[in-house]
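Working through the structure, step by step
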Amino acid sequence: MIRTFSISALALVASMTAAQAQTEIQWWHAMGGELGQKLEEIVAAYNDSQSDYKVVPTYKGSYAETMTSAIAAFRAKEQPTIVQVFEVGTGTMMAAEGAVYPVYQMMKDTDQAFDPKAFLPAVVGYYTDTNGNMLSMPFNSSTPILYYNKDVFEKAGLDPNTAPETWEDVEAYSAKIMDSGAANCGFTTGWISWVQLENLSAWHNQPIGTKENGFGGLDAELTVNGPVQVKHWENLAKWQESGVFQYGGPGGGDDAAPKFYAQECAMYMNSSASRAGVMANAKDFDVGFGMLPYYGDVEGAPQNSIIGGATLWVLQGHESDEYKAAANFFSYLSSPEVQADWHQFSGYLPITSAAYDLGKEQGYYEANPGSDVAIKQITLNAPTANSKGLRFGNYVQIRGIIDEEFQALLAGDVDAQTALDQVDARGNDLLRQFEAANN
Amino acid sequence: MQNKRAIFGAKGLPYLLLAPQLIITAIFFLWPAGQAIWQSFLREDAFGIKTTFVALENYSRLFADPSYLNALKVTVVFALSTAALSMGVALVLALAVDRTLRSARIYSTLLIWPYAVAPAVAGVLWWFMFNPTIGILPYLLKGVGYGWNHALDRGDAMTLVVISAAWKQISYNFLFFVAGLQAIPASLREAAAIDGAGPVRRFWTITLPLLSPTTFFLLVVTIVYTMFDTFGVIDAITEGGPAQSTNILVYKVYQDGFVGLNLGSSAAQSVVLMGIVIVLTVIQFRFVERRVNY
């Protein structure tokens, strides 16, 4: 009683002197450009909405740079309270017990109302531990979809309102497009690793590793050399040879988007969050949207796709007031209004069902056809052990290996089977090192 | 040599005068270098929570790793090609300037310009010109029947990074070559000319041997440049790809340490690099100091 009184008295004094005793927390993020501006708007709105806490967002560069600087800061004991980490850093963050403060734990410790069931299972599944506890706060999650050029489809004598469904369709449509001279190439893609290997596997309900794709423990091994993956990479190499497919470069595939914008390639697979960029750059043609293609002869396909993007992790080593601030801010972030706004602006998935419902109520999806392809695709079926995501340590480097082996395949140095065997062998070596360093 | 030595009366004064430089060296070189050496004996998770002393395991793993051996090979090819290209072109340009009289200054100024360009900017410039999708040069090359694609072709990628790295270093080499050429007494060449030696013969028998101290100095400097200062070029153009064909040692240190967060291995790699530089520096001083009269 006395404490409550003294606190409110303090608050009164503080407000009278106009220098409020706010708890300030740092949030390091990797959202540049328009996304960064939007993020700062969201934070500013939060800071204006209440007077107890203040969130200070800082742009730290790319995802890899943000994660590295947070880790370096942690080693120097100068870590921010909240840091945005991309999905492939998840394995590293999860293994760092003692460095991260699990979100479910923080919400409980600070008495913040928190219902994990409100979030989309496909999103949350990626970030929960084996006991079903949410370790980080989903913020910007996306999934790859197919964009296509309606004008080129029409010129080639295809129905501009029908997206290809299967890879067989993609091949047949591409042949028609190239023969008719409507475009020089059938399709291109960003993110070979994420789209044409990880999502390909989930979409066909194929494992990419043992122990439920690494969810079951640090001793998991990569197994990306299954028949479906080998067949697909074989096809990609073949299609690259015949011009059906054009390679857009390693990592995110920087050269892929210009090929689609310049109408060189008729189809383009990339993150649903590329939507804003596609709409802004596709000035001379209409864009259609579709789900990722699948192989018609694979049983269980299409399953559901998996996410990419980033979540917010809370780091240890701060005062309890700061965690209260973080918990309060997380509640604000996942509120339907904020989520729906962020999702509609950016093309990232709405992370809660409530945000999705709000968008439906607002009539957003009817006004913007194709904007709900991603969410339909990711919730197509209940996730299986093969399609809830992946969790491997050192995965940033493993992604690099996937790119390298794919390049070796396209250069004709190795065949698809060897390339994927190599990914497994080299990746497993990194996984063993990670296991050794974290045991 | 004797006249270079300064005479100080008090013993303390020279140390005092040296102190600022020594402190800076200790803080910014010796301390971090020592930390790198210590780190190279450890295996640690990214956050530094669990640390194990593994003695030389990071090193043995390194030299058993095909990708590290590949990086060594790539570095040698890259360093030698860049040195050959940048020094060859610089020498030709310097000879040309040495022969012209009136316009030499303008040429020199223009040729020195690229040196002021930051490596990353130079990288982006070349990347843009050679971009397989939107670049002008692949478009022209297609006209003569060559399909340029440095995103896939190892040879193309190496050629491109060598050109961009050399382009920047030409200016520096050019300056030294011009200075070196001007230091060669004209009477020597004139005497040879009177004896009937043609320009080509004069170059090979008089100019080049007299330039050799400059050439050797530049060779060492350029190789050190290609090994350390070309990070920006590689990062902006190829990021070490395709399939590690342009992944030079210093870029691999960054990749493994800052992207991959494998600090032990990264530290071991930087210690190896430090060893290479020390060797190069020793060679330079041993060899150059003995041969050159300043």
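Residues numbered from 1 in each chain as written. Chains lettered and ligands numbered in written order. Predicted model: local features only at pLDDT ≥ 70, side-chain atom pairs only at ≥ 80, totals over all residues.

Examining the overall build of chain A
- Across its full length, chain A carries 20 helices and 10 strands.
- Against the compact-globule benchmark of 22 Å for 439 residues, chain A has a radius of gyration of 23 Å, which places it among compact chains.
- Along the three orthogonal principal directions, the C-alpha set of chain A runs to about 80 × 50 × 35 Å.
- In chain A, buried positions account for 51% of the 439 residues.
- For chain A, the proportion of contacts with a sequence separation of at least 24, taken over those separated by at least 6, is 76%. (Helix = DSSP H or I, 4+ residues; strand = E, 2+ residues; numbered from the N terminus. Rg over C-alpha atoms; globule rule 2.2 N^0.38 Å. Buried ≥ 20, exposed ≤ 12 C-beta atoms within 10 Å, placed from the backbone. Contact = placed C-beta atoms within 7 Å.)

Observations concerning the environment of V224 of chain A
All names here are of chain A.
- Inspection of the secondary structure puts V224 in the loop between α10 (210-213) and α11 (227-242).
- Sequence separation between V224 and V83 is 141 residues, and the spatial gap between their C-alpha atoms is 30 Å.
- Aside from chain neighbours lying at most four places away, what touches V224 is L197, I208, Q229, L420, V423 and D424.

Side note on the domain arrangement of chain A
Residues and elements named next belong to chain A.
- For chain A, the assigned domains read domain 1 (23-142 + 308-367) and domain 2 (144-305 + 392-437).
- Just the C-alpha atoms count here: the centres of domain 1 and domain 2 sit 28 Å apart.
- Each partner contributes to the interface: domain 1 provides 14 residues, whereas domain 2 provides 17 residues.
- In terms of residue count, the dominant contributor to the side of domain 1 that touches domain 2 is helix α4 (residues 90-95) (three residues).
- By residue class, the composition of the side of domain 1 that touches domain 2 is six nonpolar, eight polar and no charged. (Domains from an automatic or database assignment. Nonpolar A, V, L, I, M, F, W, Y, C, P; charged D, E, K, R; others polar.)

Examining the packing of helix α7 (residues 154-182) of chain B against helix α9 (residues 199-228) of chain B
All names here are of chain B.
- Close contact between α7 and α9 brings their axes to 10 Å; oriented N to C, the two are set at 160 degrees. Compared by their axis directions, α7 and α9 come out roughly antiparallel. Crossing of α7 against α9: the hand is right-handed. Touching A165, Q169, N173, F176, F177, G180 and L181 of α7 are L211, T214, L218, T222, Y225 and T226, all from α9.
- A class-by-class count of the residues in the contact of α7 with α9 yields seven nonpolar, six polar and no charged. (Axes fitted to C-alpha atoms, helices over the stretch in contact; angles between N-to-C directions. Parallel < 35°, antiparallel > 145°, perpendicular 65-115°, else oblique. Left-handed = near helix turned anticlockwise from the far one by under 90°.)

Here's the deal with the interface of chain A and chain B
- Opposite the 28 residues of chain A that make contact, chain B presents 24 residues.
- For the side of chain A that touches chain B, the secondary structure elements donating two or more residues are α3 (63-75), α4, α12 (256-261), α19 (395-410) and α20 (416-437) of chain A.
- No other element matches the seven residues that α19 of chain A contributes to the side of chain A that touches chain B.

Thoughts on the environment of L292 of chain A
- Among the secondary structure elements, L292 of chain A is positioned in the loop between β9 (287-290) and β10 (308-314).
- Residues contacting L292 of chain A, with those up to four places away along its chain left out, are P144, I145, L146, N199, W203, M269, S305 and Q377 of chain A.

Section: the pairing of strand β5 (residues 144-149) of chain A
Residue and element names in this part refer to chain A.
- Of all six residues that make up β5, six are buried, and the element is covered over most of its length.
- Residues of β5 alternate between two faces, with P144, L146 and Y148 on one and I145, Y147 and N149 on the opposite face, all of them buried.
- Note that β5 and strand β8 (residues 265-271) share five bridges and pair antiparallel. By the bridge assignment for β8, Y147 is matched with Y268.
- Here β5 pairs with β9 via four bridges, running antiparallel. Paired with Y147 across the two strands is F289, which belongs to β9. (Pairing = 2+ DSSP bridges.)

Remarks on the packing of helix α2 (residues 33-49) of chain A against helix α15 (residues 336-346) of chain A
Residues and elements named next belong to chain A.
- The interhelical angle for the contact between α2 and α15, taken along N-to-C directions, is 165 degrees, at an axis separation of 11 Å. Classified by the angle between their axes, α2 and α15 sit roughly antiparallel to one another. Regarding α2 and α15, the two cross each other, and that crossing is right-handed. Seen from α2, the contacting residues are L35, K38 and I42; seen from α15, they are V338, W342, F345 and S346.
- Residues of the contact of α2 with α15, tallied by class, amount to five nonpolar, one polar and one charged.

Observations concerning the sheet that holds strand β3 (residues 82-86) of chain A
Residues and elements named next belong to chain A.
- Strand order in this open sheet of five strands is β2-β1-β3-β10-β4, and the pairing throughout is mixed. With one partner strand each, in any of the chains shown, β2 (53-59) and β4 (137-142) form the two edges of the open sheet. On average, adjacent strands in this sheet sit at an angle of 20 degrees to one another, irrespective of strand direction.
- Two elements, strand β1 (residues 23-29) and β3, share two bridges in a ladder whose sense is parallel. Paired with W27 across the two strands is I82, which belongs to β3.

Regarding the UniProt feature "transmembrane region" (unreviewed entry) in chain B
Residue and element names in this part refer to chain B.
- Per the UniProt record, the feature "transmembrane region" (unreviewed entry) sits at residues 12-31, 76-97, 109-129, 208-228 and 267-288.
- With 100% helix and 0% strand, residues 12-31 has its two end C-alpha atoms placed 25 Å apart.
- Between the end C-alpha atoms of residues 208-228 the distance is 28 Å, and the span holds 100% helix and 0% strand. (UniProt positions renumbered as here; feature names shortened; annotations may be inferred.)

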